[in-house]
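Analysis of the macromolecular model
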Amino acid sequence: MTVDVTAEVTSVVAIDGPGGSGKSTVARLVADETGLAYLDTGAMYRAITFGVLARNVDPTDWPAVAEVLPLIVLDMAHDIVIVDGTDATAAIRGAEVTSHVSSVAANPAVRADLARLQQQWISQRGGGVLEGRDIGTVVAPQAAVKIFLTASTRERARRRATETGADIDEIEADLIRRDEADSRREMSPLRPADDSVHIDTTGLTIEQVAAQIVALAKERIHA
Ligand code: DC
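Being a predicted model, the structure only gives us computed values, none of them experimental. (Residues numbered from 1 in each chain as written. Predicted model: local features only at pLDDT ≥ 70, side-chain atom pairs only at ≥ 80, totals over all residues. Heavy atoms only, no water.)

Focus on the overall build of the protein
Condition: Each helix corresponds to a stretch of at least 4 residues labelled H or I by DSSP, and each strand to a stretch of at least 2 residues labelled E; elements are numbered beginning at the N terminus. Based on C-alpha atoms, the radius of gyration is set beside the globule rule, defined as 2.2 Å times the residue count to the power 0.38. Exposure categories follow from relative accessible area, calculated using a 1.4 Å probe and restricted to protein chains: below 20% of the type maximum is buried, above 50% is exposed, and the middle band is partly exposed. By definition, residues are in contact when any of their heavy atoms lie within 4.5 Å. What sets the accessible areas is the Shrake-Rupley method with a 1.4 Å probe; for residues, cover comes only from the shown protein chains. Asp and Glu are treated as the negative residues and Lys and Arg as the positive ones, with His and the ends of the chain left uncounted. By convention, the point assigned to a charge is CZ for Arg, NZ for Lys, CD for Glu and CG for Asp.
A count of helical and extended segments in the protein gives 10 helices and 8 strands. Against the compact-globule benchmark of 17 Å for 223 residues, the protein has a radius of gyration of 17 Å, which places it among compact chains. Considering only C-alpha atoms, the protein reaches an extent of 50 × 50 × 30 Å along its principal axes. Scored against the burial criterion, the 223 residues of the protein give a buried share of 47%. At a minimum sequence separation of 6, the contacts of the protein that also span at least 24 residues come to 73%. Within the structure as shown, the protein displays about 10,800 Å² of accessible surface, and the carbon and sulfur contribution to it stands at 54%. Taking the 22 positively charged and 33 negatively charged side chains of the protein as two groups, their mean positions are separated by 2 Å.

Right, dumping it as structure tokens:
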């Protein structure tokens, strides 16, 4: 049997950008409206971080993390994240995982493993809407639609504060710290693909942003 790789990879909508840029809400809406499957790759990095912390492994110790990586069992379906048989859906958004996820996401062994799983996920479905930091650059460089979402740090912090009730100044400081870490890491740093469409979501509604992406997807993906 031959697999039409071109058809698989082009039916991808890649949505990259920093935390709080509106990626998750927009990506879900785009998936609903196009009928494509949705994958939150940030949740996968968070889930691995949860598994690392649960084993009392230092998240900054790359060789130790690489060693336990094959033992961590991820199961992500219907917005529920199960790690090693435990429901970690809430914990992966908590302060502990959030403060360690950048070190785990900078680990080349973790990135190679998750990129492979994400590519497998795309092949199994023949496409999808994936959100993350490196989808358009590394995971699916052949994606039909590549979006890079941005928003001012204050606006991003304001959105997170509304969601979580935490202090806006603390959130803003943490977002700046994570942006720096994600942009400076050596492997697959956060950066827009050369052929991505940039959308600044400051002052736009989720629906307005999603409508722009859906229009591009309809133009470029012929199911
Ligand atoms: O989108 P998020 O905040 O849930 O992402 C969590 C962390 O994972 C964040 O520090 C960036 C990292 N990440 C990444 O390096 N590559 C991805 N494709 C997705 C997320």
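Some thoughts on the pairing of strand S6 (residues 128–132)
Selection criterion: What makes two strands pair is DSSP finding at least two bridges between them.
For S6, the tally of buried residues reaches 5 of 5 residues, placing the bulk of the element in the interior. Neither face of S6 is open: one carries Gly-128, Leu-130 and Gly-132, the other Val-129 and Glu-131, and all of them are buried. Sheet topology places strand S1 (residues 12–16) next to S6; 5 bridges connect them, and they run parallel. Of the residues in S6, the one forming a bridge with Val-12 is Gly-128. Pairing geometry for strand S2 (residues 38–40) and S6, over 3 bridges, is parallel. When the bridges of S6 are listed, Tyr-38 appears paired with Val-129.

A short note on the confidence of the model for the protein
Here is the rule: A score between 0 and 100, pLDDT records how confident the predictor is in each residue.
Averaged over every residue, the pLDDT of the protein is 92; residues scoring 70 or more account for 95%. Ignoring residues within four places in sequence, the model shows residues 1–7, a span with pLDDT below 50, making 2 contacts including any to other chains.

Some thoughts on the site of the ligand
The cut-off we apply is this: Nearness here has a simple test: a residue counts as near a molecule or strand if at least one of its heavy atoms is within 4 Å of that partner. Whenever a nitrogen or oxygen atom comes within 3.5 Å of another N or O atom, the pair is scored as a polar contact, on the condition that within protein one atom can donate a hydrogen and the other can accept it, and that pairs from neighbouring residues in sequence are kept only if both atoms are in side chains. In this analysis a 1.4 Å probe is tested at points of a 1 Å grid over the protein atoms alone, and where it fits but cannot get out there is a cavity; an open set with protein on both sides within 12 Å along at least five of seven lines is a pocket; lining residues have an atom within 4 Å of a point. The way we define it, a molecule is inside a pocket or cavity when more than half of its atoms are within 2 Å of that pocket's grid points. Each residue is assigned to one class: nonpolar for Ala, Val, Leu, Ile, Met, Phe, Trp, Tyr, Cys and Pro, charged for Asp, Glu, Lys and Arg, and polar for all the others, Gly among them.
The environment of the ligand is formed by 16 residues, the closest being Arg-46, Arg-111, Arg-133, Asp-134 and Arg-185. Interatomic distance of 3.0 Å between a side-chain N/O atom of Thr-41 and a nitrogen atom of the ligand. A distance of 2.7 Å separates an oxygen atom of the ligand from a polar side-chain atom of Arg-46. Within the complex, 98% of the 450 Å² of free accessible area of the ligand lies under protein. Of the pockets mapped on this structure, the ligand occupies the largest pocket. Those elements that place two or more of their residues in the shell around the ligand are helix H3 (41–54), helix H5 (95–105) and helix H9 (168–184). Per-element accounting of the shell around the ligand gives the leading share, 4 residues, to H3. A per-class count over the shell around the ligand returns 3 nonpolar, 4 polar and 9 charged.

Re the sheet that holds S6
Where we set the bar: Whenever a helix is involved, its axis is fitted only over the stretch in contact; in every case the axis is a line through C-alpha atoms, and angles between N-to-C directions fall within 0 to 180 degrees.
Strand order in the open sheet formed by 5 strands is S2-S6-S1-S7-S8, with parallel pairing between adjacent strands. Of all strands in the sheet, those bounded by a partner on one side alone are S2 and strand S8 (197–200). Taking the axes of each pair of neighbouring strands and ignoring which way they run, one obtains an average angle of 20 degrees across the sheet.

Thoughts on the sheet that holds strand S4 (residues 80–83)
Strand pairs in the sheet, formed through backbone hydrogen bonds, run parallel or antiparallel to each other. Read across the open sheet, the 3 strands follow the order S3-S4-S5; overall the sheet is antiparallel. Two strands close off the open sheet at either side, each with one partner strand: strand S3 (74–77) and strand S5 (86–87). Both S4 and S5 contribute to a ladder of 2 bridges, which runs antiparallel. What sits directly across from Ile-82, in S5, is Asp-87.

Remarks on helix H6 (residues 108–125)
Basically, it comes down to this: The span one expects for a helix is its residue count, reduced by one, times 1.5 Å. Of all possible arcs, the one meant is that of the directions from the helix axis to the C-beta atoms.
In this model H6 runs 26 Å from its N-terminal to its C-terminal C-alpha over 18 residues, within 8% of the 26 Å that 1.5 Å per residue would give. The set of residues buried in H6 consists of Val-110, Arg-111, Leu-114, Ala-115, Gln-118, Trp-121 and Ile-122. Along the axis of H6, the buried residues cluster in a sector spanning 120 degrees; they form a single face. Here H6 starts with a cap whose side-chain oxygen sits 3.0 Å from the backbone nitrogen of Ala-109, and that cap is Asn-107.

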